[in-house]
Amino acid sequence: MDAVRVCALTHRFGDGEAAKPVLHGLDLRVGAGEVVLLTGPSGSGKTTLLTLIGGLRAVQEGSCVVLGTELAGADEAARVAVRRRVGFIFQHHNLLGFLTAQQNVAMALEVDASLSERERLDRADAMLHAVGIGEKARADPATLSGGQRQRVAIARALVHGPGLILADEPTAALDGKTGGETMRLLQRLAKEQRRTVFIVTHDPRIHDIADRIIAMEDGRIVEGAHA
Ligand code: ADP
Ligand code: MG
């Protein structure tokens with residue numbers, strides 16, 4: 001089964017006559033276990049597409065099936081259910097400053113009521129080891145480097161075993177070397193754990209991690225939509 005299947009997806013901002021489409025009838029699929037990059041100039045609609053796939057905004061027109069759930073016409077509860085099966089990584093790590101690295105990662109497991117606090121913290125610890133910063137589990141985010149913080153964000157996105165990982169410009173706040181290392185780490189873990197990853201990026205230095213690169217321009221896919 002594909003992780004993502006988008007058909008004739010159109011999206012507009014604004015109302016009525018003034019509403020101009022920012023996505024024009026997109027077709028796109030991402031197979032299970034693929035690592036796909038989405039590139040394109042600023043304003044081409046990449047973030048809009050990513051937020052639709054992640055169930056962060058309502059589908060207006062067309063079809064968007066994510067992990068087997070049709071998001072077109074889905075209510076908020078159905079979107080929340082999809083969001084819980086997705087791991088998100090953003091440009092800014094979005095870690096909570098008053099929690100340790102380990103607590104930030106453990107928070108992603110709170111949706112699973114069957115886990116005890118101890119189990120959540122243990123899994124967070126294991127995931128921080130997997131991203132190479134096990135010794136920073138008890139550190140506050142403010143004391144970590146940008147690359148370390150983004151590793152915590154990767155641990156948080158992976159710890160609940162998501163069917164899909166969505167990342168929006170994850171290297172934008174990092175220097176080139178750190179950004180490349182961090183994304184190669186994400187790619188390695190994704191392949192080991194057979195996760196599907198969809199990354200929006202401007203960064204040509206991480207193109208080598210992709211199974212496939214999709215290019216967008218002015219709300220249209222111009223290259224690479226299908227495997
Ligand atoms: P990208 O991520 O490729 O830079 P976006 O998806 O953020 O592109 O934006 C695509 C277009 O939609 C741009 O013209 C942007 O100005 C517009 N846009 C994005 N978000 C909103 C919004 N919340 N309201 C109105 N217009 C928006
Ligand atoms: Mg964007």
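Structure: see above.
Below: a short report on this structure. Positions within a chain are numbered from 1, following the residues in the order the chain's sequence is written. Going through the entries in the order they are written, you letter the chains from A and number the ligands from 1. Reporting of local features is limited, given that this is a predicted model, to residues whose pLDDT is at least 70; pairs of side-chain atoms are given and counted only at 80 or more, and all residues count toward the totals for whole chains, interfaces and linings. Hydrogens are left out, water is left out, and the side-chain values use all remaining heavy atoms of the structure.

**What to know about the nonpolar core**
Nonpolar core, defined: a set of buried Ala, Val, Leu, Ile, Met, Phe, Trp, Tyr and Cys residues in which side-chain atoms within 4.5 Å join the residues together. Three exposure classes are used, based on accessible area relative to the maximum for each residue type with a 1.4 Å probe and protein chains only: buried under 20%, partly exposed in between, and exposed over 50%. Counting 36 residues, the largest nonpolar core has Val105, Met127, Leu128, Val131, Val152, Leu186 and Ile199 as its most contacted members. The numbering of helices and of strands both runs from the N terminus, where a helix is a DSSP run of H or I of at least 4 residues and a strand a run of E of at least 2. Counting residues per element, the ones that place at least two in this core are strand E3 (35-39), helix H3 (101-107), helix H4 (117-130), helix H5 (146-158), strand E7 (164-168), helix H6 (176-192) and strand E8 (196-200). Any two residues whose heavy atoms approach within 4.5 Å at even a single point are treated as in contact. For Val131, the residues in contact, after removing those within four places along its chain, are Arg151, Ile154, Ala155, Leu185 and Leu189. One finds Val30, Val86, Phe198 and Met216 within the second-largest nonpolar core, a separate group that totals 30 residues.

**Remarks on the sheet that holds strand E10 (residues 220-223)**
By definition, two strands form a pair when at least two bridges between them are found by DSSP. Taken in spatial order, the six strands make up an open sheet running E6-E7-E8-E3-E9-E10, and their pairing is mixed. Looking along the sheet, the strands with just one partner apiece sit at the ends: strand E6 (86-89) and E10. Strand-to-strand, the axes of this sheet are offset by a mean angle of 25°, without reference to chain direction. Axis definition: a line fitted to C-alpha atoms, limited for helices to the stretch in contact. Angles are taken between N-to-C directions and run from 0 to 180 degrees.

**Comments concerning the site of ligand 1**
Close contacts around ligand 1 come from Phe13, Lys20, Val22, Pro41, Ser42, Gly43, Ser44, Gly45, Lys46, Thr47 and Thr48, and that covers them all. Within the contact set of ligand 1, an oxygen atom lies 2.7 Å away from a backbone nitrogen or oxygen of Gly43. Ser44 is positioned with one of its backbone polar atoms (N or O) 3.2 Å from an oxygen atom of ligand 1. By residue number, the principal contributor to the shell around ligand 1 is helix H1 (residues 46-53), which donates three residues. By residue class, the composition of the shell around ligand 1 is three nonpolar, six polar and two charged. The nearness test applies per residue and asks whether one of its heavy atoms lies within 4 Å of the molecule or strand. In the analysis that follows, any N or O atom pair within 3.5 Å is treated as a polar contact, provided that within protein one partner can donate a hydrogen and the other can accept it, and provided that, for residues neighboring in sequence, both atoms belong to side chains. All residues other than Ala, Val, Leu, Ile, Met, Phe, Trp, Tyr, Cys, Pro, Asp, Glu, Lys and Arg, Gly among them, are scored as polar; the first ten of these are nonpolar and the last four charged.

Functional significance is not addressed by these values, which are geometric in nature.
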